[in-house]
Amino acid sequence: MILNFDSEKPIYIQLSEAMEDDILKGIFEEESQVPSTTEISISFKINPATAGKGINMLVDEGILYKKRGVGMFVSTGAKSKIHQKRKNAFYNNFILSLMDEASKLDISMEEIVNMIERGKRK
Amino acid sequence: MSVIEVKNLTKDYGNTKALDDISFILEPNKIYGLLGRNGAGKTTLLNFITNKIFPTKGDITIDGDRVFENDKALNTIFYMMEKNLYPEDLKVKEIFKWTKEYYTLFDMEYANNLANKFELNVNKRVKNLSTGYTSIFKAIVAMASNADIIIFDEPVLGLDANHRNMFYKELIANYSENPKTIIISTHLIEEVGAVLEEVIILRDGKLIEKKSVEELLASAYIITGEASKVDEYLKEKNYIGEETIGKFKAVTVLDSIYDKNEALAKELNLDFAKVELQKLFISLTSS
Amino acid sequence: MNNTLKVSKYLFHDFKKAMMIFYAIIFSIAIILVFLNLKLVSQEISRARFGGFGFTVFIFLFVSGLNCFKTSFRFMQANNISRKRFYYANIITLVTISAFMALIDTTMTNVIKLMLPYNSLLEQLYKNDFFFSNFIWSFALFTLAASAGWCITMLYYKCGKLMKTVVSLAPVLIIILLAMLNNLVKGAIGTAIIKFLTVALGFNNNNPYMAVFSFLIASAGAFGLCYLLIQRMPIKE
């Protein structure tokens, strides 16, 4: 996990994204335990409330769940949930603005597809 | 529960006001940063909270009880002063022992553990400690005191990078284990920024901000680009801290990050950047 | 333990070392004197009389009182102890130590007397050497020494540079002024002071209890002044 204090994103969002990345990469398997809020806040020297906020975001989304007295675990199906979430974000952040820009520049659908093909070969 | 309330605190030294009508409330169990440049009144404020000195006007209460000569209220606070008030001839372990007399919840085992981690020789006398180790020793006494409120005035003074890192980690561990109100007064903001939940910023004896770090960082952003274009963007906007290099200009805009004028910026070919706590602090506190 | 007593505990601890050194010296001197005297007596030269350990205790307690503020006040402030509590703990400590040292001094007087032609301070002044009167008189005198020392050191601590000079010069000026006035009224002031002291110290009728009363009143006055001084005592460099 890497947090970048200079990034434009708030730390708690960076934390939840970094955690998601690690789940996608398989560093944290489904049904395995993840570091506690305390461990995270100590190792990154961040306020426990900030760390808690980042972790709770993932709990709310059903990516992590709490086992009372044991700790925090990755939910079954977390990987596909993150996939889906990222795909949605990809659509919102990239495709929509791509289409927007394309319509301004009068680029046809066909041209876009061609461009993507060309980009893929690179 | 230990709510600290500071009401209309004022201190005059002759014609100058060391503190000017400061009021705020600190909720329990949060980590606060008291920030300000040298001479802004940070230590003076802390000295009032712990009744080391007496205000010209105003009041300080903890859970509604005035701190003035109040042993019960004062005992809920442990104040690590920047100045050394410990007898120079006492050994570190003797000070641990005496502190336990007055802070009965003082955790001797934890204090010795910390001393071990920081390689502080508890058999040394206070006068033989270096500046760095004097800070470490005082910080250890404070952390082990188990008081509801712990105040650190420049806790990392003279500490090397490694020890500073260890200090922040131990502090967070201590806080996670046993939530308490922590006030850290420091000018090394860059390091401590992420550790803090809220900041209190003083300038020339006046309170200029008391906000959560998140709110504070969301209340300003930086706009960069070609100088004349930046100026155009800045029309009718409140801003501080201008930096110009040749034709390039970077300005801190005092406006919510949610109210950025993205369209205008795009049109003018300008870029946004997040403001860092350190930079924002410098902009806010320089006249 | 009560928290005020915990503060006293530290203050006693602080005193312990100085007191041990003091008694080590006093006992050594006493032993040497006894030893020398035995030799001299055997040569039948000695008609010397000894006395005045009580006076050394007086000086010791005065100096201790002088040293009994800055370090301990700062240390107790580091532990967020109120000034009031520190004040009462100090009185408990100073009075207890005075009583303890008076007891030792009186006992020592009686032991040394068995071996030496020794006169206690009380005996020299009042021709009185009952154990109880010696103890109570020494106790009152020692308390006065300690409280006066403590009061002076606090006054110095509280004062700024200018006030320190004023406070230091004031007694000298008062004495000079009194001396001048005394000349003007042809020694009337001097006579009055001596008369007052004679009565206050019970010299007129060899009554040590009058002195005990005066010493305790003066100590109470010193402690009272200390109470006023410590009220808003700030932490200083």
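Note that the structure is a prediction, hence the values are computed from the model and not measured.

Novice: Mind showing me how you'd approach the overall build of chain C here?
Specialist: On a plain count of helices and strands, chain C comes out with nine helices and two strands. Secondary structure of chain C in N-to-C order comes out as α-β-α-α-α-β-α-α-α-α-α. Taken over the C-alpha atoms alone, chain C extends approximately 60 × 55 × 30 Å along its principal axes. Taken over 237 residues, chain C has a buried fraction of 43%. Contacts in chain C between residues far apart in sequence, at least 24 positions, make up 81% of those at least 6 positions apart. Measuring between centres, the 21 positive side-chain charges of chain C sit 15 Å from its 6 negative side-chain charges.

Novice: Hey, could you run me through the overall build of chain B in this one?
Specialist: Helix and strand counts for chain B come out as eleven helices and 14 strands. Expressed along its principal axes, the backbone C-alpha trace of chain B runs to roughly 65 × 40 × 35 Å. A burial count over chain B gives 54% of its 287 residues as buried. For chain B, the share of sequence-separated contacts (at least 6 apart) that also reach a separation of at least 24 residues comes to 69%. The distance from the centre of the 36 positive side-chain charges to the centre of the 44 negative ones in chain B is 4 Å.

Novice: I tried to follow the interface of chain B and chain C on my own but got confused; where do I start?
Specialist: Interfaces are often described in size by the accessible area the parts lose on coming together. Across the contact, 24 residues belong to chain B and 25 residues belong to chain C. The contact between chain B and chain C buries some 2500 Å² in all, and 52% of this surface belongs to carbon and sulfur atoms. Inspection of the region where chain B meets chain C yields three salt bridges. Its salt-bridge partner being B:Glu69, residue C:Arg83 comes within 3.2 Å of it at the nearest N-O pair.

Novice: Would you mind going over the interface of chain A and chain B with me for this structure?
Specialist: Each partner contributes to the interface: chain A provides 18 residues, whereas chain B provides 19 residues. Buried area between chain A and chain B, both sides added, is near 1500 Å², and the carbon and sulfur share of it is 54%. A:Lys53 is the salt-bridge partner of B:Glu214, the closest N and O atoms lying 2.7 Å from each other. Linking chain A with chain B are four residue pairs in polar contact (both at pLDDT 80 or more). Counting residues per element, the ones that place at least two in the side of chain A that touches chain B are α1 (11-24), α2 (37-44) and α3 (48-60) of chain A. Of the residues forming the side of chain A that touches chain B, the biggest block, four residues, is contributed by α2(A).

Novice: I'm lost on the pattern of salt bridges in this one. Help?
Specialist: When the charged atoms of two side chains with opposite charge come close together, those side chains can pair. Residues and elements named next belong to chain B. Under the definition given, this model contains 22 salt bridges over all chains. Here glutamate 198 ties to lysine 30 by a salt bridge, and the two come within 2.9 Å at their closest N and O atoms. Separated by 168 residues along the polypeptide, glutamate 198 in strand β9 (residues 198-203) and lysine 30 in the loop between β2 (16-26) and β3 (31-35) bring together distant segments of the chain. Residue glutamate 198 shares its accessibility class with lysine 30, and that shared class is buried. The partner of lysine 249 in a salt bridge is aspartate 231, with the nearest N and O atoms 2.6 Å apart. One end of the pair, lysine 249, is in strand β13 (residues 248-253); the other, aspartate 231, is in helix α9 (residues 227-234), and 18 residues separate them in sequence. Aspartate 231 sits in the partly exposed class, given a relative accessible area of 37%.

Novice: Teacher, can you tell me more about the sheet that holds β9(B) here?
Specialist: Across a sheet, paired strands are connected by hydrogen bonds in the backbone, their directions being either parallel or antiparallel. Residues and elements named next belong to chain B. Read from one edge of the open sheet, six strands run β6-β7-β8-β3-β9-β10, paired in mixed fashion. Whereas interior strands pair on both sides, the edge strands pair on one side only; in this sheet they are β6 (77-80) and β10 (206-212). This sheet shows a mean twist of 15 degrees between the axes of neighbouring strands, independent of strand direction. One ladder, built from five bridges, connects strand β7 (residues 149-153) with strand β8 (residues 181-186); its direction is parallel. When the bridges of β8 are listed, isoleucine 149 appears paired with threonine 181. Helix α5 (residues 131-144) rests against β6 and β7 of the sheet, and its axis sits at about 175 degrees to β6. The sheet contacts of helix α11 (residues 277-285) involve β3, β9 and β10, and relative to β9 the element is tilted by about 30 degrees.

Novice: Looking at this structure, I do not really get unusual backbone geometry. What am I missing?
Specialist: Glycine aside, residues mostly have negative phi angles, and peptide bonds mostly take the trans form. Residues and elements named next belong to chain B. The phi torsion at asparagine 146 lies on the positive side, around 60 degrees, for a residue other than glycine. Mapped onto the elements, asparagine 146 comes out in the loop between α5 and β7. Looking at asparagine 146, the relative accessible area reads 22%, which means it is partly exposed.

Rules used throughout
- Residues numbered from 1 in each chain as written.
- Chains lettered and ligands numbered in written order.
- Predicted model: local features only at pLDDT ≥ 70, side-chain atom pairs only at ≥ 80, totals over all residues.
- Heavy atoms only, no water.
- Helix = DSSP H or I, 4+ residues; strand = E, 2+ residues; numbered from the N terminus.
- Buried < 20%, exposed > 50% of the residue type's maximum accessible area, 1.4 Å probe, protein only.
- Contact = heavy atoms within 4.5 Å.
- Lys, Arg positive; Asp, Glu negative; His and termini not counted.
- Charge placed at Lys NZ, Arg CZ, Asp CG, Glu CD.
- Buried area = accessible area lost by both parts, 1.4 Å probe.
- Salt bridge = Lys/Arg side-chain N within 4 Å of Asp/Glu carboxyl O.
- Polar contact = N/O pair within 3.5 Å; in protein donor to acceptor, adjacent residues only side chain to side chain.
- Pairing = 2+ DSSP bridges.
- Axes fitted to C-alpha atoms, helices over the stretch in contact; angles between N-to-C directions.

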